[in-house]
Amino acid sequence: MPKQVDHDERRRQIGDAVCRVIAARGLDAVSLRHVAAEADVSMGRVQHYFATKDEMLMFAFELISERVAARLGAVHSDDPRTYLRAILFELLPLSPAARVEAPVLAAFLAQAVVEPRLGEPLRQGNGEMVAWLAGMISAVRPGGDPERDAMGLLAFVDGLMLQVLIGQVSSSAAEELVDHQLGLVLTR
């Protein structure tokens, strides 16, 4: 009986390897050879699933985006303030999963500056997150400009993510800074 191959799973395994290469060496290091070596497969297998480097990168971007969304979706609290705080913490490289994903996300954010195909899904995802955060802010603090506050919180957390990644800000200091910024937003 012929062996059944799960092609989606193989694509994900190669996509995971792309993410590991990006996390360790950056986007420029993504090559057929490096990805094949990281995935422990032949270069032909990588080419079978991805015709171009751009295709590999876009798949890796979708994969990491799905993981972040799943991680954020697992956060729950009946208290809007606690929920909002937990979501902001999940956007930072504080948990083991977020520490693995954050360098890949940072690389994609930097590349999106010059690559429109990456910029569009990031803008769309940001718009959705701003709307959600604005709703949470409104649930805690009616009035004001919750959309502007949500945009400010996201920009703050994105910058803080980079500072944590390069070791400029510790994890505990990042948590304190989020609490401080969130306190400012929610008491206006």
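You'll find the protein entered in an unreviewed UniProt entry as TetR family transcriptional regulator, with Lentzea indica given as the organism.

A. Structural context of the nonpolar core. In terms of nonpolar packing, the biggest core is built from 31 residues, with Leu 84, Leu 88, Leu 92, Leu 133, Ile 137 and Ala 174 touching the most fellow members. Elements represented by at least two residues in this core include exactly α4 (53-73), α5 (80-90), α6 (96-112), α7 (116-140), α8 (146-165) and α9 (171-186). At seven residues, the largest contribution of residues to this core is made by α8. For Leu 133, the contacting residues outside a window of four places in its chain are Leu 84, Leu 88, Ala 150 and Leu 154. Ranked by size, the runner-up nonpolar core spans 27 residues in total, among them Tyr 49, Phe 50, Phe 108 and Leu 118.

B. Quick peek at the pattern of salt bridges. Taken as a whole and judged by the stated rule, the model has ten salt bridges. One salt bridge connects Glu 101 with Arg 71, and the closest N-O pair in it is separated by 2.5 Å. Of the two residues, Glu 101 sits in helix α6 while Arg 71 sits in helix α4, which places them 30 residues apart along the sequence. Asp 149 is the salt-bridge partner of Arg 148, the closest N and O atoms lying 3.8 Å from each other. The exposure class of Asp 149 is buried, given its relative accessible area of 3%. Three or more residues joined by partner-sharing salt bridges are found here, namely Arg 71, Glu 90 and Glu 101.

C. Molecular detail of the packing of α6 against α7. Relative to each other, α6 and α7 sit at 115°, their axes nearing to 8 Å. Comparing their axes, α7 and α6 come out roughly perpendicular. For the element pair α6 and α7, the recorded crossing hand is left-handed. The segment α6 lies against α7, with Phe 108, Leu 109, Gln 111 and Ala 112 engaging Leu 118, Gly 119 and Leu 122.

Procedures and definitions
- Residues numbered from 1 in each chain as written.
- Predicted model: local features only at pLDDT ≥ 70, side-chain atom pairs only at ≥ 80, totals over all residues.
- Heavy atoms only, no water.
- Core = buried A, V, L, I, M, F, W, Y, C linked by side-chain atoms within 4.5 Å.
- Buried < 20%, exposed > 50% of the residue type's maximum accessible area, 1.4 Å probe, protein only.
- Helix = DSSP H or I, 4+ residues; strand = E, 2+ residues; numbered from the N terminus.
- Contact = heavy atoms within 4.5 Å.
- Salt bridge = Lys/Arg side-chain N within 4 Å of Asp/Glu carboxyl O.
- Axes fitted to C-alpha atoms, helices over the stretch in contact; angles between N-to-C directions.
- Parallel < 35°, antiparallel > 145°, perpendicular 65-115°, else oblique.
- Left-handed = near helix turned anticlockwise from the far one by under 90°.

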